[in-house]
Amino acid sequence: MSKILAVFGATGQQGSSVVNHVLNDAELAQEYKIRALTRDVNSPKAKELKEKAKVQVVEADMTNHASLKAALDGVHTVFIMTTPSFGPNAVETEFNTAKLIADTAVEQGVQYIIFSTLPSVTDISGGRYTHVTPFDAKAKAEAYIRTLPVKSAFTSLGYFMENLHNQPFLGIQPAPDGKWVLSRPVPSTTRLPYFYAVRDTGKFVGAILAAPDKYEGKRFHAAAALYSLDEIVAALAKSSGKEVVYKQVTYEEFGAMMPFAPDLWTDGFHAQEEWGYFGPGEEELVAWAVENARGRLATLDEFLEEHPVQLA
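Residues numbered from 1 in each chain as written. Predicted model: local features only at pLDDT ≥ 70, side-chain atom pairs only at ≥ 80, totals over all residues. Heavy atoms only, no water.

*Asks:* Explain the overall build of the protein here, please?
*Replies:* The helix and strand inventory of the protein stands at 15 helices and 13 strands. For the protein, whose C-alpha radius of gyration is 20 Å, the value lies close to the compact-globule estimate of 20 Å for 312 residues. Looking at the protein residue by residue over its 312 residues, the buried ones come to 54%. A sequence separation of at least 24 residues applies to 77% of the contacts in the protein between residues at least 6 apart. Total accessible area computed for the protein in this model is approximately 13800 Å², and 51% of it derives from carbon and sulfur atoms. Of the side chains in the protein, 29 bear a positive and 38 a negative charge, and the two mean positions are spaced by 6 Å. (Helix = DSSP H or I, 4+ residues; strand = E, 2+ residues; numbered from the N terminus. Rg over C-alpha atoms; globule rule 2.2 N^0.38 Å. Buried < 20%, exposed > 50% of the residue type's maximum accessible area, 1.4 Å probe, protein only. Contact = heavy atoms within 4.5 Å. Areas by Shrake-Rupley, 256 points an atom, 1.4 Å probe, with all protein chains shown as cover. Lys, Arg positive; Asp, Glu negative; His and termini not counted. Charge placed at Lys NZ, Arg CZ, Asp CG, Glu CD.)

Below, the structure written as structure tokens:
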């Protein structure tokens, strides 16, 4: 009998990638039956999922214990992802959501948790940069999950290539001289981990699903590669057919460009400039994740060929 794999955020970028990878992997599709968990079972994306064989779409409220108990009934393995909070108690709000899901999973007899985590910027920086609350919240949740009487493994996701399109405030801006400018507060040689989230999140999670004992307690630092900002600008120029240049701005200027949580963004880039996105040793961490992923990962050029940059 197939084991039930519950996937939170099944209609989003991470969750949908996990669902599609399992469905398209002959071995995993035999081993797991998917329970796609979503807040709105009547959304267009949820309705699309309902049409797929071996997928059960179930409503789940991440903040409601009774809803979670029903959603996780009979589940063997669960993929958990949480969305950031940006309120005054951001870390505790997101952590409490993850804690409730994990506690309910244990209560319901779930045997394996795969959690989408991130590194603690507060810890990496020795307490210098404390405003990157989504990272700190997920790191706190990971540490808690590791204390529970259940097997677990983790995916720590780099920058989504999709956000080069989906976050215009971080995208390319026109300049008066006719060029297009990508602005960041770090040197152009700074290397950032990027991957094609919708296509490839499932390849990291799929590796864990295929060999849960091998990867128990492990963390996949998920990225296709570390790309310098010079390389990113060159790829954007090639994709758009326009002249794209890099501009290093001050941290104050960069914070003023952000439409929300400027301290989060500036602290995040401060930490990346000094220690890297994943912290010390990230080149080796990413290389291990690439080597162990279940399938070849898309490059930035391949992503941009599929989703070309439109500049007008």
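Structure's up, so let's keep going.
*Asks:* What is the right way to look at the sheet that holds strand β12 (residues 225–228) in this model?
*Replies:* Pairing between sheet strands relies on hydrogen bonds along the backbone, with the strands arranged either parallel or antiparallel. The strand order across the open sheet formed by three strands is β7-β10-β12, and the pairing between neighbours is mixed. In the strand order of this sheet, the two ends are held by β7 (159–160) and β12, each with one partner. Both strand β10 (residues 191–195) and β12 contribute to a ladder of four bridges, which runs antiparallel. Note that in β12 the partner of Arg191 across the bridge is Ser228. (Pairing = 2+ DSSP bridges.)

*Asks:* Quick question: what am I supposed to make of the packing of aromatic side chains here?
*Replies:* We describe a pair of aromatic rings using the distance from one ring centre to the other and the angle between the two ring planes. Taken as a whole and judged by the stated rule, the model has 16 aromatic pairs. Look at Tyr159 and Tyr194: their rings are 5.2 Å apart centre to centre, the planes differ by 25°, and that puts the pair in the stacked class. A residue pair is termed long-range when its members are at least 10 positions apart, and Tyr159 in strand β7 and Tyr194 in strand β10 qualify at 35 residues. For Tyr159, a relative accessible area of 16% puts it in the buried group. (Phe/Tyr/Trp six-rings, centres within 6.5 Å; stacked < 30°, edge-to-face > 60°.)

*Asks:* What is the right way to read the sheet that holds strand β6 (residues 151–157) from this model?
*Replies:* Strand order in the open sheet formed by seven strands is β3-β2-β1-β4-β5-β6-β11, with parallel pairing between adjacent strands. In this open sheet, the two edge strands, each paired with only one partner strand, are β3 (55–59) and β11 (219–222). The sheet shows a mean angle of 20° between the axes of neighbouring strands, direction not considered. Seen against the sheet, helix α1 (residues 13–24) touches β1 (3–7), β2 (32–38), β3, β4 (77–80), β5 (112–117) and β6 and runs at an angle of roughly 155° to β1. The sheet contacts of helix α7 (residues 133–145) involve β5, β6 and β11, and relative to β5 the element is tilted by about 160°. (Axes fitted to C-alpha atoms, helices over the stretch in contact; angles between N-to-C directions.)

*Asks:* What should I look at first to understand the packing of helix α5 (residues 90–107) against α7 in this one?
*Replies:* Packed helices, taken two at a time, are described by the angle between their axes plus the distance between the axes. Look at α5 against α7: their axes get within 8 Å of each other, and the N-to-C directions meet at 30°. Comparing the axis directions of α5 and α7 gives the class roughly parallel. Handedness of the crossing formed by α5 with α7: right-handed. Where α5 approaches α7, its residues Ala90, Val91, Glu92, Glu94, Phe95, Ala98, Lys99, Ala102 and Asp103 are matched on the opposing element by Thr133, Pro134, Asp136, Ala137, Lys138, Lys140, Ala141, Tyr144 and Ile145. Taken together, the residues of the contact of α5 with α7 break down into ten nonpolar, one polar and seven charged. (Parallel < 35°, antiparallel > 145°, perpendicular 65-115°, else oblique. Left-handed = near helix turned anticlockwise from the far one by under 90°. Nonpolar A, V, L, I, M, F, W, Y, C, P; charged D, E, K, R; others polar.)

*Asks:* What should I look at first to understand the side chain of His221 in this one?
*Replies:* By secondary structure assignment, the location of His221 is in strand β11. The class for His221 is buried, based on a relative accessible area of 6%. In terms of polar contacts, His221 uses its side chain to reach the backbone carbonyl oxygen of Arg219, at 3.5 Å. With near-sequence residues (within four places) excluded, His221 lies in contact with Ser156, Phe278, Leu285, Val286 and Ala289. (Polar contact = N/O pair within 3.5 Å; in protein donor to acceptor, adjacent residues only side chain to side chain.)

*Asks:* Would you take a moment to explain helix α11 (residues 229–240) for this structure?
*Replies:* Think of an α-helix as 3.6 residues a turn; residues three or four steps apart then line up on the same face. Over its twelve residues, α11 runs 16 Å from end to end, which matches the ideal 16 Å to within 8%, given 1.5 Å per residue. Looking one or two residues past α11, Gly241 carries a phi angle of roughly 75°, positive in sign. (Expected span 1.5 Å × (residues − 1).)

*Asks:* Would you explain the nonpolar core in this entry?
*Replies:* Grouped burial of nonpolar side chains is what soluble globular proteins tend to show. Among the nonpolar cores identified, the biggest contains 106 residues, and Phe8, Val78 and Ile113 are the most heavily contacted of them. What Ile113 contacts, discounting residues up to four positions off in sequence, is Val78, Ile80, Ala102, Ala105, Ile145, Val150, Lys151, Ser152 and Ala153. (Core = buried A, V, L, I, M, F, W, Y, C linked by side-chain atoms within 4.5 Å.)

*Asks:* Can you help me understand the pattern of salt bridges in this one?
*Replies:* Think of it this way: side chains of opposite charge can pair up when their charged atoms draw near. One pass over the structure, following the stated rule, counts 16 salt bridges. Among the salt bridges present, the one from Glu243 reaches Lys179, with a minimum N-O distance of 3.7 Å. Taken together, the positions of Glu243 in the loop between α11 and β13 (244–248) and Lys179 in the loop between β8 (173–174) and β9 (180–184) put the pair 64 residues apart, joining distant regions of the chain. For Lys179, a relative accessible area of 28% gives the class partly exposed. Where Glu283 meets Arg191, a salt bridge forms, and the shortest distance between an N and an O atom there is 3.4 Å. In this pair, Glu283 sits in helix α14 (residues 282–292) while Arg191 sits in strand β10, placing the two residues 92 residues apart along the sequence. Bridged by salt links that share partners, the residues Asp25, Glu27 and Arg294 form one connected network. (Salt bridge = Lys/Arg side-chain N within 4 Å of Asp/Glu carboxyl O.)

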